[in-house]
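Coordinates in review
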Amino acid sequence: MIDIRLVRQDVAAVRAALARRGVDPAEVDALAAEDEEARQLVAHRDELRAQVNALSKQVGEARRAGEAERAEELAGLSRRLGDELRAVDGPAEAAAGRVRERLLWLPNLPSDDAPDGAGPHDNPVVRRWPDAPRTYADHQRVPHWDVAAALGILDLERGARLSGSMFPAFRGMGSRLLRALTALALDRHADAFEEVRPPTLVRTETMMSTGHLPKFADEAYAVERDGLWAIPTAEVPLTSMYRGEIIEEDRLPLRLTAATACFRREAGAAGRDTRGLLRVHEFDKVELFAYATTDQAPAVHADMVGRVEALVQALGLEYRVLDLCTGDLGNSSARTFDIEVYAPGCDMWLEVSSISWFRDYQARRADVRYRPAGGGSPRFVDTLNGSGLAWARIWAALVEVGRQPDGSVELPEVLAPYLGGTRTIG
RNA sequence: GGAGGGAUGGCAGAGCGGACGAAUGCGCGGCUCUUGAAAAGCCGUGAGGCGCGAGCCUCCGUGGGUUCGAAUCCCACUCCCUCCGCCA
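Residues numbered from 1 in each chain as written. Chains lettered and ligands numbered in written order. Predicted model: local features only at pLDDT ≥ 70, side-chain atom pairs only at ≥ 80, totals over all residues. Heavy atoms only, no water.

As a further point, take the protein's contact with RNA strand B. Around RNA strand B, 21 residues are found, and the nearest of them are Arg8, Ser56, Arg64, Ser78 and Arg203. Counting only the atoms of RNA strand B that lie within 4 Å of the protein, the sugar and phosphate share comes to 79%. Asp46 places a polar side-chain atom, nitrogen or oxygen, 2.8 Å from a sugar or linking oxygen of RNA strand B. Residue Arg369 places a side-chain N or O atom 3.2 Å away from a sugar or linking oxygen belonging to RNA strand B. Looking at the surface near RNA strand B, the elements with two or more residues in it are α1 (4-9), α3 (25-64), α4 (68-105) and β12 (369-371). Here the element with the most residues in the surface near RNA strand B is α3; it accounts for ten residues. (Near = heavy atom within 4 Å. Polar contact = N/O pair within 3.5 Å; in protein donor to acceptor, adjacent residues only side chain to side chain. Helix = DSSP H or I, 4+ residues; strand = E, 2+ residues; numbered from the N terminus.)

Counted under the stated rule, the structure contains seven aromatic pairs. Aromatic rings pair up to connect Tyr136, Tyr342 and Trp349 into one cluster. The ring centre of Phe193 lies 5.6 Å from the NZ or CZ of Arg255, which sits over that ring. (Phe/Tyr/Trp six-rings, centres within 6.5 Å; stacked < 30°, edge-to-face > 60°. Lys NZ or Arg CZ within 6 Å of the ring centre and 35° of its normal.)

Relative to the helices and strands, Thr210 resides in helix α8 (residues 204-210). Apart from the residues within four sequence positions on either side, Thr210 is in contact with Glu235, Val236, Thr239, Ser332 and Gln362. (Contact = heavy atoms within 4.5 Å.)

Along the polypeptide, Ala190 turns up in the loop between α7 (173-189) and β2 (194-196). Measuring from C-alpha to C-alpha, the distance between Ala190 and Leu77 comes to 67 Å, with 113 residues separating the pair along the chain.

It is worth spelling out the sheet that holds strand β11 (residues 348-357) at this point. Backbone-to-backbone hydrogen bonds pair the strands of a sheet. The strands run either parallel or antiparallel. Ordered by their spatial adjacency, eight strands build an open sheet running β1-β9-β10-β11-β14-β8-β7-β2, and the pairing between neighbours is mixed. Both outer strands of the open sheet, β1 (125-129) and β2, are each paired with one neighbouring strand and no more. Averaged over all adjacent pairs, the angle separating strand axes in this sheet is 25°, with direction ignored. The pairing of strand β10 (residues 335-343) with β11 spans nine bridges and is classified as antiparallel. Bridge assignment links Ile339 to a residue of β11, and that residue is Ser353. Relative to the sheet, helix α10 (residues 297-314) contacts β1, β7 (254-263), β8 (282-292), β9 (319-323), β10, β11 and β14 (382-390), its axis offset from that of β14 by approximately 0°. (Pairing = 2+ DSSP bridges. Axes fitted to C-alpha atoms, helices over the stretch in contact; angles between N-to-C directions.)

Moving on, we come to the pairing of β11. Adjacent in sequence and paired antiparallel, β10 and β11 are bridged by four residues, among which Asp347 carries a positive phi angle near 50°. Where β11 lies against β14, three bridges are found, and the strand directions are antiparallel. Bridge pairing in β14 places Ile355 opposite Gly386.

On the basis of which strands lie adjacent, the open sheet formed by three strands has the order β3-β5-β4 and antiparallel pairing. The strands lining the two open edges of the sheet, one partner per strand, are β3 (201-203) and β4 (222-223). Across two bridges, the pairing between β4 and strand β5 (residues 228-230) is antiparallel. What sits directly across from Val223, in β5, is Leu228.

Backbone torsion omega between Trp129 and Pro130 reads -5°, so that peptide bond is classified as cis. With respect to the element layout, Pro130 can be found in the loop between β1 and α5 (144-151). With a phi close to 70°, Met166 is a non-glycine residue in the positive phi region. The residue Met166 is located in the loop between α6 (156-163) and α7 in this model. Of note, Glu266 is a non-glycine position whose phi angle comes to about 55°, a positive value. Note on placement: Glu266 falls in the loop between β7 and β8.

In the predicted model, chain A carries a mean pLDDT of 93, and the fraction of residues at 70 or more is 99%. The complex model carries a pTM of 0.93, and its ipTM stands at 0.86. (pLDDT = per-residue confidence, 0-100.)

Another aspect to go through is the packing of α5 against helix α12 (residues 391-401). The description of two packed helices rests on the angle between their axes and on the distance between the axes. Two numbers describe how α5 lies on α12: the axes approach to 9 Å, and their chain directions differ by 75°. Between α5 and α12, the angle falls in the class roughly perpendicular. Of α12, the residues touching α5 (which contributes His144, Val147 and Ala148) are Trp395, Ala396, Val399 and Glu400. (Parallel < 35°, antiparallel > 145°, perpendicular 65-115°, else oblique.)

As a volume, the second largest pocket reaches approximately 430 Å³. In terms of lining residues, the second largest pocket is bounded by 20 residues, among which Leu6, Asn108, Leu109, Arg359 and Asp360 are the most central. (1 Å grid on protein atoms, 1.4 Å probe; cavity = no way out; pocket = protein on both sides within 12 Å on 5 of 7 lines; lining within 4 Å. Points joined across faces, edges and corners; volume = space filled by probe spheres on them.)

Relative to the 24 Å expected for 17 residues at 1.5 Å per residue, α7 spans 24 Å between its end C-alpha atoms, a close match to the ideal helical length. Of all the residues in α7, the buried ones are Gly174, Leu177, Leu178, Ala180, Leu181, Thr182, Leu184, Ala185, Leu186 and His189. On its buried face, α7 is in contact with β2, β7, β8, α10, β14 and α12. (Expected span 1.5 Å × (residues − 1). Buried < 20%, exposed > 50% of the residue type's maximum accessible area, 1.4 Å probe, protein only.)

Turning next to the pattern of salt bridges. As enumerated under the stated definition, the model contains 33 salt bridges in all. Put simply, Arg15 and Asp29 hold a salt bridge, and the shortest N to O gap is 2.9 Å. In this pair, Arg15 is assigned in helix α2 (residues 11-19) and Asp29 in helix α3, connecting sequence segments 14 residues apart. Using a relative accessible area of 29% as the deciding quantity, one classes Arg15 as partly exposed. Judged by relative accessible area, which is 32%, Asp29 ranks as partly exposed. A salt bridge links Glu413 to Arg423, with the shortest nitrogen-to-oxygen separation between them at 2.8 Å. (Salt bridge = Lys/Arg side-chain N within 4 Å of Asp/Glu carboxyl O.)

This is the structure we're talking about:
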């Protein structure tokens, strides 16, 4: 959540910043008004409480001094104030609760340098690789579901039998390719990122911390009986790894990476781009994550983008980098770069990574702070994360790009060591 | 699944109705001593909120209750740990 103090100091600035991403200014004004009201109620409540506390102290003193009568008198006075206090306490708590609730639902402020825009169509392309667009042969213009079916490496029908549509089953070299991709990515990030294998079912608080709840409950699978949620991304458990902790500054940036399955209901996207692996309910992904100071964050962010680009290049896929505009920015993010690879078979740019800087929006929810090296009060950390990478779509692109005239698939050289020396499927 | 134990500051750990936001130790910061360091000694050191400020308020797992007054008593819940059983 954002810092309520920003609203107090400069409502206009918050209103303007959030308006850039389509939040109704009236909501910000309502928040400011409720905060003002809550503060007055709380101040009054605190004042009464101070009086009760002072009187209670005097009761104790009088009693110890043997002045029973005076003690009784003071206690009576305190009792009356206590009644008054109880009358004020409820409304004050309720008002403070309303402010908290509003803050929980309010999205993050976009970074100043995030481009303005209304939606996905306004995302500027900041880079593409290779510089000159590639050309593709006819034998590469076959969608991956057809390529894969012919090779027996993807079994959508049986996956659907087990779990429903959009739950793919990979087979043979198709399955091994996923394992190879995960191993390759984890190895490449091992120099700076500690590998973690977190749980994939998490508590409600854990989903709250990243901002996936309460707003996006419909997007997540819930295991209701046990009060657990299936993670939509490893960002969720990784962000909460240090929940409630204070980290020494010299440990920052603290970087983690994890390979996990990710589960998404895709409730709002029913029927869109659902063929093959374009949009699935469960997929594997390697996630990059960091806690950092605000000063470190831009460099950490840039490093993550660089790593992901290098990985996509190593896989030989054509891609472009988008700077997400304010209208398309994720709820919790201040700045996000998306990486899309080109899949010639279905002639689509597929989002395979989203690399975001959340400032302290998530840390404030998750209560993760650091102790500044020079001493002083703990501060909230900044969190950053990005996929490095999401495999289902990478798999699809690799299969389409690598398709040979004879229907077999040729995979990039870097994967050979992870595929038992071969790079051919078929 | 059964039986117990527990939740207090950065960490460990006391406290079991009033002088407790909390002993003590460790850690951390400053100072003294020292050529420097270590050791030793002295002093300081929880977090959050409100207020220009003096200062005030909140926080001892969470929520309720008793009381003039709750870390301390009562109720409910959550979480953690140990042992037994079952199990990949």
